[in-house]
Amino acid sequence: MSETTLEKHVFQAEIQQLLDLVVHSLYTDKEIFLRELISNASDAMEKLRHIEATEKNIHQPTLPLEIHITTDEEAKTLTISDYGIGMSHDELVKNLGTIAHSGTKSFLKAVKEGGGSPANMIGQFGVGFYSAFMVADLVGVSSRAWHADSPELIWTSDGKTGYEIEETSGLDRGSKIVLQLKEDCAEFASEARVKHLIETYSNFVGFPILLNGTRINEVEALWLKNKSEISDEEYKAFYQFACKAWDEPSYRLHFAADAPLAINALVFAPSENPERMGFSKAEPAVALYSRKVLIDPAPKELLPDWMRFMKGVVDSADIPLNISRETMQDSALIRKLGAVISKRVIKMFEKEAEADPEKYRAFYRKFDRFFKEGVATDHTNRDALARLLRFESSLTDSGAVCGFADYVSRMKDGQESIYYLVGPSRDQIENSPYLEAFKARGLEVVYFTDAVDEYVVDSLGEFDGKKLVSVRHGGVELEDQAAEGESLTPEQTTALCEFLKQELGDRVTSVSSGKRLVENPVIALVPANGMSPQMRQMMKAMDENFKDEVKVELEINPRHPLVRKLADAKDSNQELAQLVSRQLLDNALIAAGLLEDARDTVTRMNTLMEKAMG
Ligand code: ADP
């Protein structure tokens, strides 16, 4: 770039769209722009600190790492300067004019869907800088990158269609952002107003903030303080600033321990779950510090992956400062630290759920997938996590939930298993023929209605030493129940079973008389290692060539009139008996959600109706 040229650039289309929204639609919470700009300044100095460790050629190496803010009421300007890494020409273009990631799109989507104050959310999506245009109609960014021979540049924009970049002189290292405030935003040139904002939003910034020359923030590590000295408001401010959150924390855990490791931890569970709103998988958000020095803002190795919705700080003086990403991976210390934290977090949820089940239920509704993922993937914490799961059952009202512990406490004398049924909805589960026998015996059945539940139950296997058993599986031993009404004799029953097996051939593995049925003539049971209809559907969706012949165990009800008549018909009217046998199996498969091809079924049904009408 030659010294005299003034470059004009046009914003990327998404940025223009974003700016349009920022300038024309965001009227509330405008004040957060200051937090965003201070946070950028703080990030830039944090980056400089890292560079200092390895690079020599740093411009003005003795500049203090401070953020300077100045107000000018007369000129209606607000200036935020930092001595951070600054930006080169290309970085100005890339960072303040284009968007490499999906930040803008996600932000626009989130604004549409609601769930928080849009202005407040802007920083979450990596587009915080543009919030400056909520309050300013002209923004100037003077920047000198850290490297000794970097040019001095000024970027200016009115936030409409584009920006200009020009060379300038007299800059210190870092960035200086000058906001020419809009008429109706002149309040942000008032020292008192800005001071209040810094205290509210930026109190924990790790660098001194000076307003018109006077130091404002405390730079304190809240997690090291005593619980009793911290108000809810301070916790919330910490959560929103230090954890870069825009919602309210729903739960928090603040604790200190000396053994087995020295730990000071302050972690929060949010109240909104962006993954559920369709955003991509969250990054870990519990930062790792050692004696107030940040080691890693998002360590992947510290906590199990399912805990990525938690935010906060873990500080351990036992972790060496120079631990690298590589060594973290196989560090026994980090693993130990993570194990302690995750145990405490799970315990915290358990206690909170007990103390206020309603609140937990509302929380669980948004965050259930994380706990389920944990059950399926985190072997160490599986059993503890199972206590956090919630579901409906045959004994809960529709919409009410309980946990496995409640279930176990209600188990009948002699009951050894936990019974469950997977289905698309409570209604469909309740209408399933599988439930009959359990209802009749007063046995509670858990209803799993989430698509991932089956997988979760499979990984869990048991709870508290009690096996989880699907009521649609064969081989479930149920205690005898006094059967009422007329029934086939044992001999007649055996003969009918043999007839059916012969008629149905390979489509059934066996035919037997069962204790399960009360109102239905027959039921189709799948082998205990077989796939549920939900799983089959998923397999089919993933693989169009997926074929898995369903073979079921057929259980007949020797008391049912239809079954009794069939026993007669097999000797007196074979043709009808054959038709009815096949239809019975198809009906059972339909009820089980397992009938793949209904063409024969319909034709046969028509034939049967014809016969019925003589
Ligand atoms: P985010 O900070 O979330 O990445 P922003 O829109 O706030 O998104 O900023 C975009 C980018 O511009 C930052 O990632 C950073 O690289 C750069 N940037 C912003 N402010 C500064 C600054 N004061 N010093 C250096 N770089 C900055």
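Along each chain, residues carry numbers from 1 onward, in the same order as the chain's sequence is written. In view of the model being predicted, local features appear only for residues whose pLDDT reaches at least 70, and side-chain atom pairs are presented and counted only at 80 or more, with totals across whole chains, interfaces and linings using the full set of residues. To obtain the side-chain values, all non-hydrogen atoms of the structure were included, while hydrogens and water were left out.

### A word on the nonpolar core
And step 1. To qualify as a nonpolar core, a set must consist of buried Ala, Val, Leu, Ile, Met, Phe, Trp, Tyr and Cys residues joined through side-chain atoms within 4.5 Å. Burial here depends on accessible area, computed with a 1.4 Å probe over protein chains only, as a share of the maximum for the residue type. Under 20% is buried, over 50% is exposed, and the range in between is partly exposed. The biggest cluster of nonpolar side chains holds 104 residues, and the ones touching the most others in it are Phe349 and Phe371.
And step 2. Per the annotation, domain bounds derive from an automatic or database assignment of domains. Viewed by domain, this core spans two of them, domain 2 (222-355) and domain 3 (490-526 + 541-612), each represented by three or more residues.
And step 3. When near neighbours in sequence (up to four residues on either side) are disregarded, phenylalanine 371 contacts Trp306, Phe309, Phe349, Tyr360, Phe363, Tyr364, Leu385, Leu388 and Leu389.
And step 4. One finds Ile15, Leu34, Ile122 and Ala132 within the second-largest nonpolar core, a separate group that totals 62 residues. In this description, contact between two residues means that some pair of their heavy atoms is separated by no more than 4.5 Å.

### Some points on helix H18 (residues 533-542)
In an α-helix there are 3.6 residues to a turn, and that puts residues three or four apart on one side.
And step 1. For the purposes of this entry, the term helix denotes a DSSP run of H or I that reaches at least four residues, the term strand denotes a run of E that reaches at least two, and both are numbered from the N terminus. The complete set of buried residues in H18 reads Pro533, Met535 and Arg536. Buried residues along H18 cover an arc of 160° about the axis, so they all sit on one side. Facing away from the buried side of H18, by more than 90 degrees, are the exposed residues Gln537, Ala541 and Met542. Each C-beta atom gives one direction from the helix axis, and the arc is the one those directions make.

### Overview of the sheet that holds strand S5 (residues 152-157)
And step 1. Within the open sheet, the nine strands sit side by side as S1-S6-S5-S4-S7-S3-S2-S8-S9. Their pairing is mixed. Among the strands making up the open sheet, the edge pair consists of strand S1 (7-10) and strand S9 (214-215).
And step 2. The rule for pairing is simple: two strands pair if DSSP sees at least two bridges between them. Two elements, strand S4 (residues 136-144) and strand S7 (residues 174-181), share eight bridges in a ladder whose sense is antiparallel. In the sheet register, serine 143 faces S7, and the bridge partner there is serine 175.
And step 3. Packing of helix H3 (residues 89-97) onto the sheet brings it into contact with S1, S4, S5 and strand S6 (162-167), and relative to S6 it is tilted by some 160°.
And step 4. Taken strand by strand, helix H7 (residues 191-201) contacts strand S2 (67-72), strand S3 (77-82) and strand S8 (209-211), and its axis lies near 165° from that of S8. Under this scheme, a helix contributes an axis fitted over its contacting stretch, all axes are lines through C-alpha atoms, and angles between N-to-C directions fall in the 0 to 180 degree range.

### Some thoughts on the domain arrangement of the protein chain
And step 1. Split into domains, the protein chain comes out as domain 1 (3-215), domain 2 (222-355) and domain 3 (490-526 + 541-612).
And step 2. Summarising the inter-unit geometry, the C-alpha centres of domain 2 and domain 3 are found 57 Å apart.

### Here's the deal with the sheet that holds strand S17 (residues 445-448)
And step 1. Read from one edge of the open sheet, five strands run S15-S17-S16-S19-S18, paired in mixed fashion. Across the chains shown, the open sheet's two edge strands, defined by having one partner strand only, are strand S15 (392-393) and strand S18 (462-463).
And step 2. Helix-sheet contacts for helix H16 (residues 453-460) involve strand S16 (417-422), S17, S18 and strand S19 (466-470), and the interaxial angle to S16 is about 160°.

### Regarding the layout of surface pockets
And step 1. Throughout, the protein atoms alone are placed on a 1 Å grid, and a set of points is a cavity if a 1.4 Å probe fits but cannot get out or a pocket if it is open with protein on both sides within 12 Å along at least five of seven lines; lining residues have an atom within 4 Å of a point. Grid points are joined across faces, edges and corners, and a volume is the space filled by probe spheres set on the points. Of the voids in this model, the second largest pocket is the one considered here, and its volume is about 620 Å³.
And step 2. The wall of the second largest pocket is formed by 33 residues, among which Ser417, Tyr419, Val469, Ser470 and Val476 lie closest to the centre.
And step 3. Looking at the lining of the second largest pocket, the elements with two or more residues in it are S16, H16 and S19.
And step 4. Sort the elements by how many residues they give to the lining of the second largest pocket and S16 lands first, with five residues.

### Quick look at empty space enclosed by the protein
And step 1. Enumeration according to the criterion identifies two cavities of 30 Å³ or more in this entry.
And step 2. Counted as a void, the largest cavity has a volume near 40 Å³.
And step 3. The nonpolar class holds Ala, Val, Leu, Ile, Met, Phe, Trp, Tyr, Cys and Pro. Asp, Glu, Lys and Arg form the charged class, and all remaining residues, Gly among them, are polar. In terms of residue class, the lining of the largest cavity is made up of four nonpolar, no polar and three charged.
And step 4. In terms of lining residues, the second largest cavity is bounded by Tyr364, Lys372, Leu389, Arg390, Phe391, Phe448, Asp453 and Val456.
And step 5. Residues belonging to the lining of the second largest cavity are distributed by class as follows: five nonpolar, no polar and three charged.

### Describing the packing of aromatic side chains
And step 1. Aromatic pairing here means that ring centres of Phe, Tyr or Trp (its six-membered ring) are within 6.5 Å. Orientation follows from the plane angle: under 30 degrees is stacked, over 60 is edge-to-face, and everything else is tilted. Counted by the stated rule, this structure contains 33 aromatic pairs.
And step 2. Connected via pairs of aromatic rings, a cluster forms that spans Tyr251, Trp306, Phe309, Phe349, Tyr360, Phe363, Tyr364, Phe367, Phe370 and Phe371.
And step 3. Remark: a charge is flagged as sitting over a ring if the NZ atom of Lys or the CZ atom of Arg is within 6 Å of the ring centre and within 35 degrees of the ring normal. Against the face of phenylalanine 255 rests arginine 344, its NZ or CZ located 3.9 Å from the ring centre.

### Quick word on the pairing of strand S10 (residues 251-257)
And step 1. Within S10, five of the seven residues are buried, which leaves the element mostly enclosed by the surrounding structure.
And step 2. As paired strands, S10 and strand S11 (residues 263-269) are joined by seven bridges and run antiparallel to one another. Residue alanine 257 lies in a different strand from S11, and its bridge partner there is isoleucine 263.
And step 3. As consecutive antiparallel partners, S10 and S11 are separated by five residues.

### With respect to the packing of helix H11 (residues 357-377) against H16
And step 1. It is at 8 Å that the axes of H11 and H16 come closest, and there the two elements cross at 40°. The orientation of H11 with respect to H16, classified from their angle, is oblique. Between H11 and H16 lies a crossing whose hand is left-handed. Of the residues in H16, those in contact with Lys372, Val375 and Ala376 of H11 are Asp453, Tyr455, Val456, Ser459 and Leu460.
And step 2. Split into classes, the residues belonging to the contact of H11 with H16 amount to five nonpolar, one polar and two charged. Each angle gets one of four labels, with under 35 degrees taken as roughly parallel, over 145 as roughly antiparallel, 65 to 115 as roughly perpendicular, and the rest as oblique. Definitions for this section: a left-handed crossing has its near helix turned counterclockwise from the far helix by less than a right angle. A right-handed crossing has that turn clockwise.

### Thoughts on unusual backbone geometry
And step 1. Cis geometry is found at the peptide bond from alanine 259 to proline 260, where omega equals 0°.
And step 2. Residue placement: proline 260 occurs in the loop between S10 and S11.
And step 3. Here aspartate 464, not a glycine, exhibits a phi torsion of approximately 55°, which is positive.
And step 4. Among the structural elements, aspartate 464 can be located in the loop between S18 and S19.

### Remarks on the packing of helix H20 (residues 574-591) against helix H21 (residues 599-612)
And step 1. Contact pair H20 / H21: the axes reach a minimum separation of 10 Å and the direction vectors enclose 135°. Taken as axis vectors, H20 and H21 run oblique relative to one another. For the element pair H20 and H21, the recorded crossing hand is left-handed. Along its contact with H20, which presents Glu575, Leu576, Leu579, Val580, Arg582, Gln583 and Asp586, the element H21 presents Thr601, Arg604, Met605, Thr607, Leu608 and Lys611.
And step 2. Looking at the contact of H20 with H21 residue by residue, the classes come out as five nonpolar, three polar and five charged.

### Looking at the pattern of salt bridges
And step 1. Between Lys or Arg on one side and Asp or Glu on the other, a salt bridge is scored when a side-chain nitrogen of the former is within 4 Å of a carboxyl oxygen of the latter. The final tally for this structure, using the stated rule, is 30 salt bridges.
And step 2. The partner of glutamate 248 in a salt bridge is lysine 236, and the shortest N-O contact between them spans 2.9 Å. Taken together, the residues glutamate 248 in the loop between helix H8 (232-242) and S10 and lysine 236 in helix H8 connect sequence positions 12 residues apart.
And step 3. A relative accessible area of 23% means that lysine 236 is categorised as partly exposed.

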